[in-house]
Amino acid sequence: MEIGRLQLDWSLITALIERCRPETHIFHLSIGEATITLQNMEVLYGLPVDGHLVALPNAIREYTGLQYLEMLQRLTGIQQPTEIALIGASRLQLTPVRQHFEAIHVDITDDIPELHIHRYTRLLLLLMFGGVLFPNTSGNLVSLRFLHHLERLDDLHHYRWGAAVLGSLYRQMCRASMDTQRDVGGFLPLLQLQPPLPPLAPDALPPFLPLARRWVDRRGYRREYEDRHNLPYCRNLLDLLEGAQFIWRPYNDKLIADLPDYCSTDRIMWSSSVPLMCLDIVKHHATERVLCQFGRPQLVPPPPAWHMTHYQRDDRSRVDQAYVTWVEAQIDTWDQRLT
């Protein structure tokens, strides 16, 4: 997956988090409610949102730090890093991963053994997990619990990675909204702050990469919009927001049709009200509260049907049997999504 470096408007992100409710992962605006959805994950990043859950098997929950390091060595070839690089039992600093990746970096040819290609691929994925898809505030840690999903590379495309990324993002939003309203990423389009989408050339072939890639090489955007990237401006904008200033449906049919097929394969799931899972994190995709984002009239939403305190725990909490039982119930809910 090639995305590149995207410019973030931290002031707008902070202003949105100040209006976020952790119970529902919804941004409360003067014109209604909105949130980040599975549609954003698939259209922007091309990540699948249907398939196997990125869940954690019971056996992996009991692994010690030594067992994770042994698994890391077996799957990637990395010699056991120093204990300093291991944070807790399952989180590893990206530095030794990056160093080993650079040390073995060679051109892939037909003569390279398959074992080396698999190890190279897993190292690249660990860097992408820790640095792009599932980052933390340090920007230099990756969870070794993902090694279970990287063991069989042929099965990777069967997992709903887009839903796992969204569940992880919701977790970060919960933390931020409960912890002095700090910032985390989002994709809600406001007309005044919306970066213009670079047009495709008339004779250009449909791009192979997902939508987010088209903003990476945008020139002059920072200078053009820099004066608007300030927190008081964004707060006032949200306080005085009118319906015509908000783009409820930023992706029209023509735009989606111009993207690769993998950016809309699972569109039947975009408006589904289902649990999102990332290892032991479980969040809810509360689309019944944001129907305007799917072109439907918004009715008065019912009270949340899921566990109201789920947002108060995350992967830093020790998992007990009661929580495991609740997680298994959420997996059953997902398995019945099409019934």
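Per an unreviewed UniProt entry, the recorded name for the protein chain is Serine/threonine-protein phosphatase 7 long form homolog, and the organism is Nicotiana tabacum.

## Comments concerning helix α1 (residues 10-17)
Within α1, seven of the eight residues are buried, which leaves it mostly tucked inside the rest of the structure. What α1 keeps buried is the set Ser-11, Leu-12, Ile-13, Thr-14, Ala-15, Leu-16 and Ile-17. Structurally, α1 contributes buried residues whose contacts are with β1 (20-21), β2 (26-29), α8 (161-178) and α10 (231-239).

## A look at the packing of helix α4 (residues 65-76) against helix α6 (residues 114-133)
Where α4 meets α6, the axes come as close as 8 Å, and the angle between the chain directions of the two elements is 125°. The pairing of α4 with α6 is recorded here as oblique in orientation. Seen from α4, the contacting residues are Leu-72, Gln-73, Arg-74, Leu-75 and Thr-76; seen from α6, they are Arg-119, Arg-122, Leu-123 and Leu-126. Looking at the contact of α4 with α6, its residues break down into four nonpolar, two polar and three charged.

## Looking at the pattern of salt bridges
Counted by the stated rule, this structure contains ten salt bridges. For Arg-19, the salt bridge is made with Asp-239, and the minimal N-O distance between the two is 2.7 Å. Taken together, the residues Arg-19 in the loop between α1 and β1 and Asp-239 in helix α10 connect sequence positions 220 residues apart. Among the residues examined, Arg-19 registers a relative accessible area of 17% and is labelled buried. Overlapping salt bridges bring together Glu-18, Arg-19, Arg-235 and Asp-239 as one network.

## Overview of the environment of Gln-330
Relative to the elements of secondary structure, Gln-330 occurs in helix α12 (residues 321-335). Spatially, the C-alpha atom of Gln-330 lies 7.9 Å from that of Val-282, the residues being 48 residues apart in sequence. Every residue in contact with Gln-330, bar those within four places of it in the chain, is listed here: Pro-275 and Val-282.

## Remarks on the packing of aromatic side chains
Evaluation of the coordinates by the stated rule reveals ten aromatic pairs. If you follow Arg-160 out to its NZ or CZ, it ends over the ring of Trp-334, 3.5 Å from the centre.

## Here's the deal with the sheet that holds strand β6 (residues 91-93)
Picture the strands of a sheet paired through backbone hydrogen bonds; they go either parallel or antiparallel. Read from one edge to the other, the open sheet built from three strands follows the order β5-β6-β7, with strand pairing classed as antiparallel. At either margin of the open sheet sits one strand with a lone partner, and together these are β5 (86-87) and β7 (141-143). Relative to β6, β5 runs antiparallel, the two being bridged by two bridges. Residue Leu-86 lies in a different strand from β6, and its bridge partner there is Leu-92. Along the sheet, helix α5 (residues 94-103) contacts β6 and β7; its crossing angle with β6, the most-contacted strand, is approximately 55°.

Rules used in this analysis
- What you see as residue numbers is a count from 1 along each chain, following the sequence as written.
- For a predicted model such as this one, the threshold for reporting local features is a pLDDT of at least 70, and the threshold for listing and counting side-chain atom pairs is 80 or more; totals across whole chains, interfaces and linings nevertheless cover every residue.
- With hydrogens and water stripped out, all remaining heavy atoms of the structure feed into the side-chain values.
- For the exposure calls, accessible area comes from a 1.4 Å probe over protein chains only, and a residue counts as buried if that area is under 20% of its type's maximum, exposed if over 50%, partly exposed in between.
- Numbering of helices and strands runs from the N terminus, with a helix taken as a DSSP run of H or I at least four residues long and a strand as a DSSP run of E at least two residues long.
- Whether two residues are in contact is decided by their heavy atoms, any of which lying within 4.5 Å being enough.
- To get an axis, a line is fitted to the C-alpha atoms, and for a helix only the part in contact is used. The angle between two axes follows their N-to-C directions and goes from 0 to 180 degrees.
- Any angle that is under 35 degrees is reported as roughly parallel, and any over 145 degrees as roughly antiparallel; angles of 65 to 115 degrees are reported as roughly perpendicular and all others as oblique.
- Residues were grouped as follows: Ala, Val, Leu, Ile, Met, Phe, Trp, Tyr, Cys and Pro as nonpolar; Asp, Glu, Lys and Arg as charged; and all remaining residues, including Gly, as polar.
- Salt-bridge detection follows one rule: a side-chain nitrogen of Lys or Arg within 4 Å of a carboxyl oxygen of Asp or Glu.
- What counts as a ring pair is set by centres within 6.5 Å for rings of Phe, Tyr and Trp (its six-membered ring), and what kind of pair is set by the plane angle: stacked under 30 degrees, edge-to-face over 60, tilted for all other angles.
- Think of it as a cone above the ring: NZ of Lys or CZ of Arg counts as a charge over the ring if it is within 6 Å of the ring centre and within 35 degrees of the ring normal.
- The criterion for strand pairing is that DSSP finds at least two bridges linking the strands in question.

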